[in-house]
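Chain by chain, the residues:
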Amino acid sequence: MDKKPYLKIKATEQMKQLMTEYYIEAKTCEGTERPICWITSGGPVEFLIAMDVIPIYPENHGALLGASKMAVELAEIAEQRGFSSDLCSYARADIGGALTGKGAIPGGLPKPDFLLCCNNICGTVVKWYEELSRIFDVPLFLFDTPFIHQRNTEHAREYVRKQCNELILFLEKMTKKEFSEEKFFEVALLSVEAVSLWKEVLAKAEHSPSPLTCFDAFIHMAPIVTLRGTKKVVDYYKLLLAEMEERIRNGIGAITEEKFRLVWDNIPIWYAMRSLGNLFAENGACLVADTYTTAWAVDIDIDEPLSSMSRAYQNIYLNISIDLMLERIMDLVRRYRADGLVMHSNRSCKPYSLGQYDIAREVTSRTGKPVLIIEADMTDSRAYSEAHLRERILAFIESLGK
Amino acid sequence: MNEELDKVKQIRDDPSFYAKTWKERTGGKVIGIFCSYVPEELIAAAGALPFRVFGSNKPVSRSGAHLQTYCCSFARTALDSTLRRELEFLDGAVFTHTCDTMQRLSDIWRLNAGFDFHADFVLPVRFGGELAWEYHLHELEGFRSRLEAFLGGIDANKLEKSIQTYNTNRGLLEELYMLKCQNPELISCEDVFSLVYTSMIMEKEEHNGILEKVVSNLKSERKNKGQKEELFGVGSIMDQWEFLRIIEDVGGTIVDDLFCNGRRYFEGQVVCNGDLLEAVGRRLWERMACPCKHGGKSFAKDLPERVKNSGAKGVIFFLLKFCDPHAFEYPHAKKMLDDCGIPSLHIEFEYGSLPAGQTRTRVEAFLETLRGRRD
Amino acid sequence: MIVAGVDIGSLTAKAIILSDGKTIGESLIMTGHNSRIAGRNALELALKDAKLDDSALSYIVATGYGRLSVEFASEQVTEITCHAKGAHALYPEVRTVIDLGGQDSKAIAIGEDGKVVDFVMNEKCAAGTGRFLEVMASALEVELKELGDISLQSKSPAPISSVCTVFAESEVVSRVAEGVSKVDIIAGIHNAIASRIYAMAVRIPVREKIVMTGGVAYNVGVVRALEERFKTSIIVPEKPQHMGALGAAIIAGERFSSLKK
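Residues numbered from 1 in each chain as written. Chains lettered and ligands numbered in written order. Predicted model: local features only at pLDDT ≥ 70, side-chain atom pairs only at ≥ 80, totals over all residues. Heavy atoms only, no water.

Caption draft 1: Local environment of the pairing of strand E7 (residues 340–346) of chain A. All names here are of chain A. In terms of burial, E7 is largely enclosed, as seven of its seven residues are buried. Side chains Gly340, Val342, His344 and Asn346 project from E7 onto one buried face, and the interleaved Leu341, Met343 and Ser345 project onto a second face that is buried too. Pairing between strand E5 (residues 260–265) and E7: four bridges, direction parallel. The partner of Val263 across the bridge, within E7, is Leu341. Across six bridges, E7 lies against strand E8 (residues 371–376) in parallel orientation. Across the sheet, residue Leu341 finds its bridge partner in E8, namely Val371. (Buried < 20%, exposed > 50% of the residue type's maximum accessible area, 1.4 Å probe, protein only. Helix = DSSP H or I, 4+ residues; strand = E, 2+ residues; numbered from the N terminus. Pairing = 2+ DSSP bridges.)

This is the structure in structure tokens:
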């Protein structure tokens, strides 16, 4: 019998179904009364769900394009139109898709009626969405979350908080419907519940042997990112959490033999997930935590949904200074009892990658744990050299054993 | 006038020397800045010298330990300069929100370069609407407080005087550009950009003195209008002097632009009616925007009109490699120009690696194309 | 009226002598380290070929990378304008020129009147140039001049995805180790070149007819792969490497005529 190093999660089937239904529903609504809004991964989707708008995430699509290896073809289309190949590969692939109607789902992503861009993840999305606004000739709302260097200010918090009201007015105009505070509260509650479940799922990896790896988390994060605020997502994570608890009860780990525990930093290398996942697993290394999936594990106070949401959106991992990022990574390394840190130096994501060198040195200096930095790109496989990377990863894992 | 221009080029080629000498002479503080959205008038009103930090053509040695190679060479070489202790005369550094790279550079700079004073202030990315305007003012006020804590109080008189001096400088640079547009033979584009560049590192009063002389000389010059191909420059920073010399050498010249250290630096006057800080803020708000800002007077919006008004027959996109905001603007800006029948040339550069021969061929071929259209 | 065009490239120097529009002499030599000497030698060889000496020449235009280093030129014009001029003179229907040289590649859009409308160049990266082919030939231990013919024999080209010459070389080595046939790898390399060139060329308006110039045009595999990418047949002149010199000589003739007026 061929023993895989890596145990498959049963709930994956349901997750795939959930996501398939979501895309089908969205595609079916294209051109109908039900509005479609393209939104950034860090955007305040709760408002959209409350207004019965279907959210579409070009970044999630970007991950699919990477995983299905379609990204290069679409990126080339954008490059032929003059977009530099140094630009974010999500943006290039998405723009290529928007220009041609191609994509990972048949017929491409359903066209947007309007766009919601939140710059808490980067400044690239602002430019990317400006281009989308031109391509589709639709309005764009920029939810501006000022960057936090060391500490936030009261007036910045006010600014973000008040933009929620502006956003509501914008959505009312776009949907020609009235915003219902009641409905929003419902959605916020569901969102809080889903996030809380997601946090619990991720926290299960503190256990040794860990019932999940971050490669699993990368796949299972899709619902929390795209459908946060719906009942379906709450039900899904209850299912996933139950399976994780079962594994723990039975002492089952995600990988055959957990020798080393590692923390991952940055967006996954979508087209190499399986091969990397296997490589680490085969060598007893379990990636137990990461800075990417934990970004959606925010704290929301249901008694003050708008201000706590504004605060949460402004405080995400990419919107804070390097010293604050370091603290979060240190926390992960400690809580998950990591033996080392693996950082993906991602060509496409400057806010995530610039500063890694300083963070790596600090982590090693404070904890004595080693750090491996691997250069690649999240969706553009042309910037990836498997042969070189394998060697370095193996050498790193070997060094953990000494 | 050549004497003045030579002096300007000397200062341009060794800004650190100027800053150090200024410090010795006045005992004042020098504050490093990285973006044209910093309200320099405040810094000057507090008696300090706002000193624009530029990139360097020297090869990078230290900053590779902090910044990956896939970010712009402005960030990498500027960081390198400070890590190599070439900027020790700076008493502080001010970073305002520009782009993702600059945002991280600020953190890395703060954590590794360690000046006495480091201020970050985050102006909105949305440059339009009441809400963002309110926030914009609050951030400027916050910045003023931080400055005052370090440099001492900035009273209204000092600020007003500073604003007037800056306005004079802007007016003179505006005149310079106008004279250049009217007759491109009057002064080389290298000299024009050198004048703007030195304005960003020198004490404004001193620079005004130089500008007044130069402008008055230009007004009285009698040069025939020649056959130079007039070009319009688009990009972030234009400080590649070799490149400008090549352009002139092959029979072209840049008569107007959207550069950060070109027109964007001096466009608009501060109109003082009411609160001074608000007036300063309003100029930043209404001036042509950097691609890093959204809304308002967006970057390429009136590009074809500006090109036509300047008399330029072609556009050179001079883009810094890895500058994402400009790279995103390029395709649609080019399309706008194509639709108006305005030819354009795209050159990507990195500090320290602008290949003279190849660049010359491109520019020359482009000018040949423009001349071909004329015939 | 006898005029000359001299094209001093980074690898080879070429010269063409025209007498009232007809080619009466030509040359092609390696440039070596000294462009100035190479330019002079190329011109002298072409004159010898025409059985003339340089006193017979009314006007000389120099082009190419080394055009500034020669003192004998009456004028310097860039190779972009010269390639367009030469191609249009031979093929008035040309609207796009793709020039693949030893170390650089370019695409030129030409108007009906033969004037350059737009152009795009790549000199930073070897992929898509003669250098790339040299590196690959060496990696596969095959003669450079056989590469093109071999590529045509493949029924299923191996995909080579890297855009960088160095990475691509490493990919090739991996494919060889996996047991993929040389023929298929070579075909894959030619497809990769075509992709690179295509990606560069489409930044300008690409229209028929397309003419290929430069030394790489001798490689039938590259020509065929490009024809597939552009979905049209590509004209390859008899002497693709001389197009720049030819264009320069034609321009020399035009300049001299207008001076006489």
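Caption draft 2: The arrangement of the packing of aromatic side chains in detail. Residues and elements named next belong to chain A. Counted under the stated rule, the structure contains 41 aromatic pairs over all chains. Measuring from centroid to centroid gives 4.9 Å for Tyr22 and Tyr23, while their planes differ by 55°, and the two rings are tilted. A residue is classified by how much of its surface remains accessible, and Tyr23, at 7% relative accessible area, is buried. With a centroid separation of 6.2 Å and 35° between ring planes, the pair formed by Phe215 and Phe280 is classed as tilted. (Phe/Tyr/Trp six-rings, centres within 6.5 Å; stacked < 30°, edge-to-face > 60°.)

Caption draft 3: Seen up close, the confidence of the model for chain A. Mean pLDDT for chain A: 93, with 99% of residues reaching 70 or above. Looking across chain A, the model is least confident in helix H17 (residues 386–401) of chain A, with a mean pLDDT of 86, and most confident in strand E3 (residues 114–118) of chain A, with 98. (pLDDT = per-residue confidence, 0-100.)

Caption draft 4: Looking closely at the packing of helix H3 (residues 130–140) of chain C against helix H6 (residues 182–201) of chain C. All names here are of chain C. Where H3 meets H6, the axes come as close as 11 Å, and the angle between the chain directions of the two elements is 165°. The pairing of H3 with H6 is recorded here as roughly antiparallel in orientation. H6 is crossed by H3, and the crossing has right-handed handedness. Note on element contacts: H6 touches H3 through Lys182, Ile185, Ile186, Ile189, His190 and Ile193, opposite Phe132, Leu133, Met136 and Leu140. For the contact of H3 with H6, a count of residues per class yields eight nonpolar, one polar and one charged. (Axes fitted to C-alpha atoms, helices over the stretch in contact; angles between N-to-C directions. Parallel < 35°, antiparallel > 145°, perpendicular 65-115°, else oblique. Left-handed = near helix turned anticlockwise from the far one by under 90°. Contact = heavy atoms within 4.5 Å. Nonpolar A, V, L, I, M, F, W, Y, C, P; charged D, E, K, R; others polar.)

Caption draft 5: Structural detail: the pattern of salt bridges. Counted according to the given criterion, the structure contains 78 salt bridges over all chains. Between Glu143 of chain C and Lys145 of chain C there is a salt bridge, with the nearest N and O atoms lying 3.8 Å from each other. Salt-bridge contacts for Arg224 of chain C lead to Glu227 of chain C; the nearest nitrogen and oxygen are separated by 4.0 Å. Separated by three residues within a single helix, Arg224 of chain C and Glu227 of chain C lie in helix H7 (residues 220–230), roughly one turn from each other. Several salt bridges converge on common partners, so that one network encompasses Glu76, Glu79, Arg92, Asp380 and Arg382 of chain A. (Salt bridge = Lys/Arg side-chain N within 4 Å of Asp/Glu carboxyl O.)

Caption draft 6: View of helix H5 (residues 89–100) of chain A. The end-to-end C-alpha separation of H5 of chain A is 16 Å, in line with the 16 Å expected for 12 residues at 1.5 Å each. Within H5 of chain A, 10 of the 12 residues are buried, leaving the element largely enclosed by the surrounding structure. Those residues of H5 of chain A that are buried lie in contact with strand E1 (36–39), helix H3 (58–67), helix H4 (71–80) and helix H6 (124–136) of chain A together with helix H14 (324–339) of chain B. Just beyond H5 of chain A, the residue with positive phi is Gly101 of chain A, at close to 75°. (Expected span 1.5 Å × (residues − 1).)

Caption draft 7: Looking closely at the interface of chain C and chain A. On the chain A side, the residues contacting the seven residues of chain C number six residues. Overall, the association of chain C and chain A removes approximately 650 Å² of surface from exposure, summing both partners, and the carbon and sulfur fraction of that is 59%. For the pair chain C and chain A, the interface holds zero salt bridges. Inspection of the region where chain C meets chain A yields one residue pair in polar contact (both at pLDDT 80 or more). In terms of residue class, the side of chain C that touches chain A is made up of five nonpolar, one polar and one charged. (Buried area = accessible area lost by both parts, 1.4 Å probe. Polar contact = N/O pair within 3.5 Å; in protein donor to acceptor, adjacent residues only side chain to side chain.)

Caption draft 8: The interface of chain A and chain B, seen in detail. Taken together, the contact between chain A and chain B spans 52 residues of the former and 43 residues of the latter. Area buried by chain A at its contact with chain B is led by Lys127, Lys350 and Leu354 of chain A, which between them contribute 17% of it. On inspection of chain A and its partner chain B, the count reaches six salt bridges. The closest approach of N and O atoms between Arg110 of chain B and Asp323 of chain A, which form a salt bridge, is 2.7 Å. Inspection of the chain A/chain B interface yields 29 residue pairs in polar contact (both at pLDDT 80 or more). Of all the secondary-structure elements, those providing two or more residues to the side of chain A that touches chain B are H5, H6, strand E4 (140–143), helix H7 (154–175), helix H14 (322–335), E7, helix H15 (350–353) and helix H16 (356–367) of chain A. Split by residue class, the side of chain A that touches chain B holds 22 nonpolar, 16 polar and 14 charged.

Caption draft 9: Expanded view of the sheet that holds E1 of chain A. All names here are of chain A. An order of E2-E1-E3-E4 is seen for the four strands of this open sheet, with the pairing classed as parallel. The strands lining the two open edges of the sheet, one partner per strand, are strand E2 (54–56) and E4. Shown here is a sheet whose adjacent strand axes are inclined to one another by a mean of 25°, direction ignored. With three bridges joining them, E1 and E2 adopt parallel strand pairing. Across the sheet, residue Trp38 finds its bridge partner in E2, namely Ile56. Contacts between helix H1 (residues 12–29) and the sheet are confined to E1 and E2, with E2 contributing the most and set at about 110° to the helix.

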